[in-house]
Amino acid sequence: MGDLGFNKIAAAILATGLGYMMLKEASHLVLHAEAPLAPAYALELPEPKAAGEKAEKPLPFPQADWVAAMDVTKGKKVFKKCQACHNVDNGGANSTGPNLWGIVGAAGAQNSSFKYSNALNSAGITWDYETLDGFLAKPSKYLKGTNMSFIGVKKAADRAAVIAYLNSNSGAPLAPPVAAIVETVELETVETAVMEKIEEVMDAPKEIMEKVDGVMEKVEDAVDAATDGEH
């Protein structure tokens, strides 16, 4: 065997050894890879809300449970806390507060015989379902400068009921409100996006093995070339 043939075989053996070491190391990386400090692929899933944390965007008014709570009989009972200042009689007299006959759907300062606050006179509001709900929740917060010192009706269901009762005391009651529809993201769409990201992560080891396969092919070619040269 000549020196040239010996060198070819030695080179092939060396290349084979290097290829084996690379394959072993690559396998170790694939099977025993440590978790990186920062993920290479961010799934970008929404973070769960902490307990008691308020939603960033309030739900549109009215929701179905609010509409379902519009019970006139219950509203008449809730209205008892308002009777010290208001009445709902057709043509009834004003008291500390104005008569509320036909209030639902009327303009803000609709009773010409009552002296309203400057805040209400200049507000330019209409007493629709949403405005009444907001005002009754806490008058002083909803309309700064109002003369109405009432603490408010805390429960949304009670507000819905009393507004239904007020609406029944009218010559032209408003039609019942329709519950607002909340747009939601289809769960299937979210699941698909998550699975696509997972597949991308799982493809990373495959790329490493493909590179190792390429090296091994070159090693085999070198061995074959060295062997062929000796025949």
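Residues numbered from 1 in each chain as written. Predicted model: local features only at pLDDT ≥ 70, side-chain atom pairs only at ≥ 80, totals over all residues. Heavy atoms only, no water.

Observations concerning the environment of G97
In this structure, G97 sits in the loop between α3 (72-78) and α4 (118-123). On a C-alpha basis, the gap between G97 and F114 in space is 8.0 Å, while along the polypeptide they are 17 residues apart. Setting aside residues no more than four positions away along its own chain, G97 makes contact with C85, H86 and F114. (Helix = DSSP H or I, 4+ residues; strand = E, 2+ residues; numbered from the N terminus. Contact = heavy atoms within 4.5 Å.)

Notes on the environment of T96
Take T96: it is sitting in the loop between α3 and α4. With 52 residues separating them along the chain, T96 and M148 place their C-alpha atoms 9.2 Å apart.

Observations concerning the packing of aromatic side chains
For the structure shown, the criterion picks out 6 aromatic pairs. Where F135 meets Y142, the ring centres are 6.4 Å apart and the plane angle is 85°; that geometry is what we call edge-to-face. Owing to a relative accessible area of 7%, F135 belongs among the buried residues under this scheme. Y142 sits in the partly exposed class, given a relative accessible area of 39%. An aromatic cluster is present here, built from F61, W66 and Y129 joined pairwise through their rings. (Phe/Tyr/Trp six-rings, centres within 6.5 Å; stacked < 30°, edge-to-face > 60°. Buried < 20%, exposed > 50% of the residue type's maximum accessible area, 1.4 Å probe, protein only.)

A look at the pattern of salt bridges
It is possible for side chains of opposite charge to pair when their charged atoms get near one another. Enumeration according to the criterion identifies 2 salt bridges in this entry. For K74, the salt bridge goes to D158, with nearest N and O atoms at 3.2 Å. Separated by 84 residues along the polypeptide, K74 in helix α3 and D158 in helix α7 (residues 156-168) bring together distant segments of the chain. Relative accessible area serves as the criterion here: at 16%, D158 is assigned to the buried category. We note a salt bridge from D133 to R159, for which the minimum N-O separation is 2.9 Å. One end of the pair, D133, is in helix α5 (residues 129-137); the other, R159, is in helix α7, with 26 residues separating them in the sequence. Given the relative accessible area of 10%, D133 is considered buried. What makes R159 buried here is its relative accessible area of 10%. (Salt bridge = Lys/Arg side-chain N within 4 Å of Asp/Glu carboxyl O.)

Details of the packing of α5 against α7
One can describe the packing of α5 onto α7 by two numbers: an axis separation of 10 Å at closest approach and a directional angle of 125°. By the criterion of interaxial angle, the relationship of α5 to α7 is oblique. Pair α5 / α7 crosses with right-handed handedness. Counted together, Y129, L132, D133, L136 and A137 of α5 and R159, V162, I163 and N167 of α7 form the full contact between these two elements. Here the residues of the contact of α5 with α7 are counted per class, giving 6 nonpolar, 1 polar and 2 charged. (Axes fitted to C-alpha atoms, helices over the stretch in contact; angles between N-to-C directions. Parallel < 35°, antiparallel > 145°, perpendicular 65-115°, else oblique. Left-handed = near helix turned anticlockwise from the far one by under 90°. Nonpolar A, V, L, I, M, F, W, Y, C, P; charged D, E, K, R; others polar.)

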